[in-house]
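Structural characterization, general
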Amino acid sequence: MIRIIQYRDKCIGCNACVEINKERWRISKKDGKSILLRARSKKGIFIIEVEDEEYCANMEAAKACPAKIIKVEKIK
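Residues numbered from 1 in each chain as written. Predicted model: local features only at pLDDT ≥ 70, side-chain atom pairs only at ≥ 80, totals over all residues. Heavy atoms only, no water.

**Brief notes about empty space enclosed by the protein**
It is the rolling of a water-molecule-sized probe over the atoms that shows where space remains empty. Evaluated as defined, the whole model comprises one cavity of 30 Å³ or more. For the lining of the largest cavity, a count of residues per class yields seven nonpolar, three polar and no charged. (1 Å grid on protein atoms, 1.4 Å probe; cavity = no way out; pocket = protein on both sides within 12 Å on 5 of 7 lines; lining within 4 Å. Points joined across faces, edges and corners; volume = space filled by probe spheres on them. Nonpolar A, V, L, I, M, F, W, Y, C, P; charged D, E, K, R; others polar.)

So, in structure tokens, the structure goes:
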């Protein structure tokens, strides 16, 4: 399992995460920031735990993020 963490308040809406992994990320039509799909939110921090097969695509998204607001960590 992996955990994906997004500090959404600091998102600049560059769309890099969406281009890399459309199955996990979208851009909000309301504020132009990225949305970590199916994640839970706590004080502006979005978190989801997913299977290992999503690791590579989300690591690429994290590395491509110019604001460095995406963190990916193995948890099991």
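**Observations regarding the pattern of salt bridges**
Scanning the entire structure with this criterion turns up five salt bridges. Ionic contacts of the salt-bridge type, sharing partners, join the residues Arg3, Glu49 and Glu73 into one network. (Salt bridge = Lys/Arg side-chain N within 4 Å of Asp/Glu carboxyl O.)

**A look at the environment of arginine 40**
Considering the arrangement of structural elements, one finds arginine 40 in strand 4 (residues 40-42). For the pair arginine 40 and isoleucine 5, spaced 35 residues apart in the sequence, the C-alpha separation amounts to 9.8 Å. For arginine 40, the residues in contact, after removing those within four places along its chain, are Ile45, Phe46 and Ile47. (Helix = DSSP H or I, 4+ residues; strand = E, 2+ residues; numbered from the N terminus. Contact = heavy atoms within 4.5 Å.)

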